[in-house]
Structures are given as C-alpha cells and as structure tokens.
Amino acid sequence: MITLRQATTQDRDWAYFVKKKALGLYVVETWGAWYERIQWEFFEQTYQQSLTQIICQDETPVGTLRVERRTDEIFLSELYLLPTFQNQGIGSVLLEQLKAEARQRALPLQLTVLQVNESARRFYERHGLVCTAEIKNHYVMTYHG
C-alpha cells in the first residue's frame, strides 16, 4: 500500500539521499559531475519541508513528493523514488491522484524534467503530459485535464 506522510526535520538528510540516488546519473550527464557541495547548497536553498511528503510503500520510506498548489496550476516540483522502487507503479498511482486533483480544480498540472532523463519524460507522456516548453536543460510538461 502506498501512503504519504509529512516530512519531518529528521527526514532532510534522507530526502537529499533520495534526490541523489534518483537524479544523480542525470545530473552527471547534464553538468558533467555531481558536485557534492554545490548540490547540497542547492538542496538547502530549495528544500521545503512543509511541502515535502515522504512516499511510503507498506510503511517503508521509498521516495519524496513535493507539490506546490498555486492559484493557476498544480506544480509537481519533486517526485523522486529510490531506484529499487522505480518501475513498480508507485509513481503512476501518485501521478494519477494529482491528475484527478487537477481535473477537479480545473487547473493544469505542470512539472519540469531534465532533458537527458528520457525515461522520466516517457513516463509523464504515457500519463498524458505533453512538452509545452523548453528551458535550460529541462522540458516543461503539462497536463490539461
């Protein structure tokens, strides 16, 4: 069973670990290396505990989810799963819930994905999101329910 719980102060280092495991390969492919100090500083600047949820499968933490509910859109800013829990339908369940919320609120669901992360882009396309713009190293993907 997939559940979400609010991130706590104790989850911060683990959330960074999940990001590194989920995105590290793509960061290296995009920028040439995983510069630990730079990545940690960026994480520190952007981590929002109040918006971060811990994804659990049968009570085991497996990833992080951060959704920004704005007046004009629902922005999926983070859906990171540890590699051993990817391709098991967890992301699909969560994404379908967000799509349902977007339809109910009559808002677009939007996110960005690194251009080199073709598997993530294909995942979002399978779920009805389309590339609507390109920004430096990223595609902007949007779902209009």
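Refer to the structure presented above.
Parameters and conventions
- Residues numbered from 1 in each chain as written.
- Predicted model: local features only at pLDDT ≥ 70, side-chain atom pairs only at ≥ 80, totals over all residues.
- Heavy atoms only, no water.
- Helix = DSSP H or I, 4+ residues; strand = E, 2+ residues; numbered from the N terminus.
- Contact = heavy atoms within 4.5 Å.
- Core = buried A, V, L, I, M, F, W, Y, C linked by side-chain atoms within 4.5 Å.
- Buried < 20%, exposed > 50% of the residue type's maximum accessible area, 1.4 Å probe, protein only.
- Pairing = 2+ DSSP bridges.
- Axes fitted to C-alpha atoms, helices over the stretch in contact; angles between N-to-C directions.
- Parallel < 35°, antiparallel > 145°, perpendicular 65-115°, else oblique.
- Left-handed = near helix turned anticlockwise from the far one by under 90°.
- Nonpolar A, V, L, I, M, F, W, Y, C, P; charged D, E, K, R; others polar.
- Salt bridge = Lys/Arg side-chain N within 4 Å of Asp/Glu carboxyl O.
- Phe/Tyr/Trp six-rings, centres within 6.5 Å; stacked < 30°, edge-to-face > 60°.

(A) Structural context of the environment of I54. Tracing the backbone shows I54 in strand β2 (residues 52-57). Spatially, the C-alpha atoms of I54 and E73 are 22 Å apart, while their sequence positions differ by 19 residues. Excluding anything up to four places from it in sequence, I54 contacts T3, L4, R5, A7, D11, W14, P61, G63 and T64.

(B) Molecular detail of the nonpolar core. In this structure, I55, L76, L109 and Y124 are the most contacted members of the largest nonpolar core, which totals 41 residues. Elements that contribute at least two residues to this core include exactly α1 (12-31), β2, β3 (60-69), β4 (74-81), α3 (90-105), β5 (109-114), α4 (118-126) and β7 (138-143). With 7 residues, the top contributor of residues to this core is α1. With near-sequence residues (within four places) excluded, L109 lies in contact with I74, L76, L95, L98, K99, A102, L129, M141, T142 and Y143.

(C) Structural detail: the environment of S50. Relative to the helices and strands, S50 resides in the loop between α2 (36-46) and β2. A relative accessible area of 62% places S50 in the exposed class.

(D) The sheet that holds β7, seen in detail. Taken in spatial order, the 7 strands make up an open sheet running β1-β2-β3-β4-β5-β7-β6, and their pairing is mixed. Each edge of the sheet is formed by a strand with only one pairing partner; in this case those strands are β1 (2-6) and β6 (130-135). Sheet twist, expressed as the mean angle between neighbouring strand axes with direction ignored, is 30°. Strands in contact with α1 are β2, β3, β4, β5 and β7; relative to β3, the strand with the most contacts, it is inclined by about 75°.

(E) Representation of the packing of α1 against α2 within the structure. Two elements in contact, α1 and α2, have axes separated by 11 Å at closest approach and are oriented at 125°. Overall, the two elements α1 and α2 adopt an arrangement that is oblique. Judged by the twist between their axes, the crossing of α1 over α2 is right-handed. Contact residues: R12, D13, A15, Y16, K19, K20 and V27 in α1; E36, Q39, W40, F42, F43 and E44 in α2. Along the lines of polarity and charge, the residues of the contact of α1 with α2 split into 6 nonpolar, 1 polar and 6 charged.

(F) Spotlight on the pattern of salt bridges. Applying the stated criterion to the full structure yields 13 salt bridges. Two residues, D11 and R5, come together in a salt bridge whose shortest N-O distance is 2.8 Å. On the basis of relative accessibility, which here comes to 32%, the residue R5 falls in the partly exposed class. For R70, the salt bridge goes to E68, with nearest N and O atoms at 2.5 Å. Accessibility expressed as a relative area gives 31% for R70, which makes it partly exposed.

(G) Main features of the packing of aromatic side chains. Taken as a whole, this structure holds 6 aromatic pairs when the rule is applied. Where Y16 meets W34, the ring centres are 6.2 Å apart and the plane angle is 55°; that geometry is what we call tilted. Of this pair, Y16 sits in helix α1 while W34 sits in the loop between α1 and α2; the two residues are 18 residues apart in sequence, bridging distant segments of the chain. Comparing Y16 with W34 shows no difference in burial state: the two are buried. An aromatic cluster is defined as three or more aromatic residues linked by ring pairs; in this entry it consists of Y16, W34, W40, F43 and Y47.

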